[in-house]
Amino acid sequence: MQPFGNENIVSGRQGPTREVPSLERSTSVGSKRRAAISRNENASSTRKRHKQEELMEDEGFRFGPREIPTDFTFRVAGHALRTHKLILLSTSPVFRAMFHGEKDCKELSCDEDLKERGVNEDTWSLFLRLLYPGTRVQDAVPLHDDGGFKKDTVNAILYLAFKYSVTSIVDSVESLLVSERSPVDVDMLRMASRYHMKRYAQYCVETLIPGDIYRKQSSRNANRFLSSGGRNGGNGFTKVGM
């Protein structure tokens, strides 16, 4: 009689076997688990860092990527708008000239600009956002809301862009106004003249003046109007040929 433990060997049958995990596979599983834990810890650390930054900056707003510390602040109506001096230097000759004379300048009060129609904390924030690469005017500048065409917002952005010589923003706003066929009145024509937007001025003229009068008179009077900065009288082009 064969021992019980050798029964399968004598009969030639193989009993059920169980695969023993290899050391290599165990090591691989362990490495993946440690990597996952490390990723979670890094993500948690990043969230905490961002939260700390938000708490440190709760009295104002910042622009640009969080991993690059801001180094310049605009003060607008008591609010702090934080940005990067490198962006200001690369987009505006006015800022370049300002920093050339005062390299240690870290803050600028902009309350003087609040006297201009439409300029406030929100439009200043919008202007600064437009300075950063990847921000498109057509996505960032709201031309319309429930109250209609946002003329004051458009004027504020153009005022700031023109004051600080950011011609790319002026050109983009002009293209947007023309492509969107924005509402036209004499104020918008004056705005086109003030900020040297010739294409939009032409669009305004063609919209405001009846076709036959425009064809006869527009060239001479448009040039006069643009050269005068929109000071041809209270009704502007509406009196041409009348």
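In the block above lies the structure referred to throughout.
Let me begin by describing the structure that accompanies this report. (Residues numbered from 1 in each chain as written. Predicted model: local features only at pLDDT ≥ 70, side-chain atom pairs only at ≥ 80, totals over all residues. Heavy atoms only, no water.)

### Thoughts on the nonpolar core
- Counting residues in each nonpolar core, the largest one holds 50 residues, and the members touching the most others are Phe74, Trp124, Phe127, Ile169 and Tyr200.
- At seven residues, the largest contribution of residues to this core is made by helix 7 (residues 151-163). (Core = buried A, V, L, I, M, F, W, Y, C linked by side-chain atoms within 4.5 Å. Buried < 20%, exposed > 50% of the residue type's maximum accessible area, 1.4 Å probe, protein only. Helix = DSSP H or I, 4+ residues; strand = E, 2+ residues; numbered from the N terminus.)

### Quick look at the pairing of strand 2 (residues 72-76)
- Among the five residues that make up strand 2, four are buried, leaving the element largely enclosed by the rest of the structure.
- Pairing geometry for strand 2 and strand 3 (residues 79-83), over five bridges, is antiparallel. When the sheet's bridge partners are listed, Phe72 is paired in strand 3 with Thr83.
- The antiparallel pairing of strand 2 with strand 3 creates a hairpin that spans two residues between the two strands, and Ala77 there sits at a positive phi of about 55 degrees.
- Here three bridges tie strand 2 to strand 4 (residues 107-109), and the two strands are oriented parallel to one another. (Pairing = 2+ DSSP bridges.)

### Brief notes about unusual backbone geometry
- A positive phi angle, near 55 degrees, is found at Ala77, a position not held by glycine.
- With respect to the element layout, Ala77 can be found in the loop between strand 2 and strand 3.
- Of the residues examined, Ala77 reaches a relative accessible area of 43% and is grouped as partly exposed.
- Of note in this structure, His196 is not a glycine but carries a positive phi near 55 degrees.
- The residue His196 is located in the loop between helix 9 (186-194) and helix 10 (198-208) in this model.
- Note on His196: relative accessible area 59%, which makes it exposed.

### Considering the packing of aromatic side chains
- On inspection of all chains with the given rule, the structure shows 11 aromatic pairs.
- Measuring from centroid to centroid gives 4.7 Å for Phe95 and Tyr164, while their planes differ by 10 degrees, and the two rings are stacked. With Phe95 in helix 4 (residues 93-101) and Tyr164 in the loop between helix 7 and helix 8 (167-179), the pair connects residues that are 69 residues apart, well separated along the chain.
- Through a chain of ring-to-ring contacts, three or more aromatic side chains come together here, namely Phe72, Phe74, Phe95, Phe99, Trp124, Phe127 and Tyr164.
- When the ring centre of Phe99 is taken as origin, the NZ or CZ atom of Lys85, which lies over that ring, is 4.9 Å away. (Phe/Tyr/Trp six-rings, centres within 6.5 Å; stacked < 30°, edge-to-face > 60°. Lys NZ or Arg CZ within 6 Å of the ring centre and 35° of its normal.)

### Examining helix 9
- All buried positions along helix 9 are accounted for by Val186, Met188, Leu189, Met191, Ala192 and Ser193.
- After helix 9 finishes, the residue His196 shows a positive phi value of roughly 55 degrees.

### What about the side chain of Thr123?
- Within the secondary structure, Thr123 sits in helix 5 (residues 121-131).
- With a relative accessible area of 5%, Thr123 lands in the buried category.
- If we skip the residues at most four places from it in the chain, Thr123 touches Gly118, Thr153, Ala156, Ile157 and Leu160. (Contact = heavy atoms within 4.5 Å.)

None of this, on its own, says anything about what the molecule does.
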